[in-house]
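Close look at the chain arrangement
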Amino acid sequence: MLVRFWGTRGSLPVAQRADAALTKVVRALLIARGRHFADEAEAAEFARSDLEFATYGTFGGATPCVELDAGDESAFVVCDMGSGLREFGVSAVRRCAEGRPRVYHFFLSHLHWDHIMGFPYFRPAQDSGATIVIHSGHPDAEEALRRQQEAISFPVPFEALKAKIEFAVHEPGEPFEAAGLQVSLIRQTHARGSFGYRFEGGGKTVVYSTDAEHKPADMDAEADFEAFFGGADLVISDTMYSLGEAVSLKQDLGHSSNVVAVDLCHAAGARRLALFHHEPGYSDDDIQRMFYETLRYEELVRAGRPQLEVVCAYDGLEVEL
Amino acid sequence: MEWRLRNDEGRLVAAPTGRVDEESWKEFSANLNAAVRDAVAASVPLVIDLSGLEYMTSKGLRALTLAKNEARGAVQIRLAAPNATMRRILSISRYDMLFPVVDSVDSGD
């Protein structure tokens, strides 16, 4: 299974400003001072090997959208419809032109704007030969998607979409099969509630758990999350804030921290953690610092366990399981 | 994890030893909240001597938050003498911005 991250930013799409790009170029030029590159490929190789990711790249700014790709014969499986969905749609149209089935299964964590805002720009929704199944733990998912395409918000109404669109509402504790995967849900603490998903198929397990707050007063309940994450090959987890922020200034906003994500994964015996739903106010340097701190924390509290591999999700990241 | 508590020159000093992790956080939290109530009753600050602590995971850190909530601002809770690992964990979690962290039990703010 290949996991593609199309959008990894939380709350609000963001874009790099010109001065941020200039800072990266200046930093790269200074590090490369005195070197000669025969061509762009050699320069790119230098950038990847000698520069930090925050210098030669960017974590991106599209809101949550993650694809689980089980192969060219499979239906598309996509978690959330943030602004990253637009680019996924472009890619999907190209792949369908090469013969991929035009069937899409979406799994919505919840209905807040940053998790559904990409749907009006999802080109396959205009494909009369496409089938779109939208899975959710919220019974009002259809209302949320129709409402954001009302005339006051968007020029193309939901009724004008040509694809066959179905909605499926699911309950935690009632696993189901979709797109060849076994899927289960867990209820999470967030404004109006959110749902995490566990996907199992082809001998691999992926957990998608975003917009989930793990409050100090509810630590007993974390045993349920440790079980839900149990043995996962990849856990994609909300790590929007530091723990200090999450329990003080940002408490009750419904988000988690990098250190809680590491602890849950350790207790669950998960193999890999993807830091996800990055704070929109963070620069690339801020996110990279948080990533390095997470690596260090994992090492400090590992206590004889197998190493939990930690990756920092960015728009365009692909993780092969 | 082991826990010791002593009155010491106008303050209460709590000294956990070992690790605070998913196995021991409940015991740590219960002892800590009881110590907070004792400190509030005596109107003295509570110093948590971290020198014997190997490390603390997020559950231990959040137990500190529960203790701070229990204190409701009536007494100060200070973290003292963390080893290098605990100091790094306090920094990574930004708990060093939520609690005063001092080099030794005898240090002031």
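In case you missed it, the structure is sitting above this.
Since the model is a prediction, treat every value here as computed from it, not as a measurement.

**Examining helix 9 (residues 258-268) of chain A**
Residues and elements named next belong to chain A. In terms of residue burial, helix 9 counts as a mostly covered element, since 10 of its 11 residues are buried. Every buried residue belonging to helix 9 is among N258, V259, V260, A261, V262, D263, L264, C265, H266 and A268, and all of these are buried. Positive phi shows up at G269, right after helix 9, with a value of about 70 degrees.

**Notes on the interface of chain B and chain A**
One widely used convention gives an interface's size as the accessible area the parts lose upon coming together. With 22 residues of chain B at the contact, the number on the chain A side is 24 residues. Taken together, both faces of the contact between chain B and chain A bury some 2,000 Å²; the carbon and sulfur share is 64%. Summed over the three residues of chain B that lose the most area to chain A, namely R62, I92 and R94 of chain B, the buried surface amounts to 31% of that side. Between chain B and chain A we count 6 salt bridges in total. A salt bridge links E293 of chain A to R94 of chain B; the nearest nitrogen and oxygen atoms lie 3.1 Å apart. For the interface between chain B and chain A, the tally reads 10 residue pairs in polar contact (both at pLDDT 80 or more). It is helix 2 (residues 58-71) of chain B that contributes the most residues to the side of chain B that touches chain A, 7 residues altogether. A breakdown of the residues in the side of chain B that touches chain A according to their chemical character gives 10 nonpolar, 5 polar and 7 charged.

**Things to note about the pattern of salt bridges**
Residue and element names in this part refer to chain A. On inspection of all chains with the given rule, the structure shows 37 salt bridges over all chains. The partner of E67 in a salt bridge is R4, and the shortest N-O contact between them spans 3.3 Å. Pair noted here: E67 is in strand 2 (residues 65-69) and R4 is in strand 1 (residues 2-7), with a separation of 63 residues, a long-range link. An identical accessibility class is assigned to E67 and R4; each is buried. Residues R198 and E200 are paired through a salt bridge, measuring 3.1 Å at the closest nitrogen-oxygen approach.

Calculation criteria
- Residues numbered from 1 in each chain as written.
- Chains lettered and ligands numbered in written order.
- Predicted model: local features only at pLDDT ≥ 70, side-chain atom pairs only at ≥ 80, totals over all residues.
- Heavy atoms only, no water.
- Buried < 20%, exposed > 50% of the residue type's maximum accessible area, 1.4 Å probe, protein only.
- Helix = DSSP H or I, 4+ residues; strand = E, 2+ residues; numbered from the N terminus.
- Contact = heavy atoms within 4.5 Å.
- Buried area = accessible area lost by both parts, 1.4 Å probe.
- Salt bridge = Lys/Arg side-chain N within 4 Å of Asp/Glu carboxyl O.
- Polar contact = N/O pair within 3.5 Å; in protein donor to acceptor, adjacent residues only side chain to side chain.
- Nonpolar A, V, L, I, M, F, W, Y, C, P; charged D, E, K, R; others polar.

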